[in-house]
Amino acid sequence: MLRAEQQVIDRERAEQRRAEAEVRRAERKARAEAAEAARRVAPCEDCGAEHTGGLCGSCWAVRSIRTVVGECVDLALAGAADLADHRDVNAVARRTEAELRAAMAAARPAAASREDVLGSDLETVRDALDTYRADALTRLARSPLADAEAVNAR
Ligand SMILES: [Zn+2]
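Note that the coordinates shown come from a computational prediction; the quantities given were computed from them, not determined experimentally.

What follows covers the overall build of the chain. The helix and strand inventory of the chain stands at 5 helices and 0 strands. Shown N-terminal to C-terminal, the secondary structure of the chain runs as helices and strands in the order α-α-α-α-α. In terms of C-alpha radius of gyration, the chain reaches 29 Å, well past the compact-globule figure of 15 Å for 154 residues. Along the first, second and third principal axes, the C-alpha atoms of the chain reach 90 × 60 × 25 Å. Within the chain, buried positions represent 21% of all 154 residues. Of all intrachain contacts in the chain linking residues separated by at least 6 positions in sequence, the fraction that spans at least 24 positions is 43%.

Have a look at this one:
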């Protein structure tokens, strides 16, 4: 008799815990959906365009292009510049940025939309990044420091 009562109580408690867990799961889902909806309607951080999820496609492309250009400049500096000489560093950075601007301008499709131009520019700088990386590795491999390390490794 006592055991049967205890089993009923245990079953009721288990059912209560399941119901509470289901309520918590539904609340978590509702909070996540509200947060996602709020994120989707957020304006672009850079240009203020509405309902862009915080960053519109154009501004994302502009940021990506800037990032890749910065990486190209870093690689050009690593491979070619005397990093102790500010004038040399600035000259290499300006020359690299000018090369990339010229490459982007040359590759742009004629009479293209802003999105097409940004897409073309991003593709151009990404391609250039591979070239700058290869050049930097080649120059670093030929440097006196690399030669000295090769001698020491023998
Ligand atoms: Zn934007």
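We now examine the packing of helix H3 (residues 86–107) against helix H4 (residues 114–141). Their axes nearest at 9 Å, the elements H3 and H4 cross at an angle of 135 degrees. Between H3 and H4, the angle is such that the two are oblique. For H3 against H4, the interelement crossing comes out right-handed. Each of Thr96, Glu99, Leu100, Ala103, Met104 and Ala107 in H3 lies in contact with H4, whose residues at this interface are Ser120, Asp121, Thr124, Val125, Ala128 and Tyr132. Among the residues making up the contact of H3 with H4, the classes are represented as 7 nonpolar, 3 polar and 2 charged.

Another aspect to go through is the packing of helix H2 (residues 57–80) against H4. Here H2 crosses H4 at 20 degrees, and the two axes come no closer than 8 Å. In terms of orientation, H2 and H4 fall into the roughly parallel class. Like other packed secondary-structure pairs, H2 and H4 cross with a definite hand, here left-handed. Residue composition of the contact of H2 with H4, grouped by class: 19 nonpolar, 3 polar and 7 charged.

Conventions and cut-offs
- Residues numbered from 1 in each chain as written.
- Predicted model: local features only at pLDDT ≥ 70, side-chain atom pairs only at ≥ 80, totals over all residues.
- Heavy atoms only, no water.
- Helix = DSSP H or I, 4+ residues; strand = E, 2+ residues; numbered from the N terminus.
- Rg over C-alpha atoms; globule rule 2.2 N^0.38 Å.
- Buried < 20%, exposed > 50% of the residue type's maximum accessible area, 1.4 Å probe, protein only.
- Contact = heavy atoms within 4.5 Å.
- Axes fitted to C-alpha atoms, helices over the stretch in contact; angles between N-to-C directions.
- Parallel < 35°, antiparallel > 145°, perpendicular 65-115°, else oblique.
- Left-handed = near helix turned anticlockwise from the far one by under 90°.
- Nonpolar A, V, L, I, M, F, W, Y, C, P; charged D, E, K, R; others polar.

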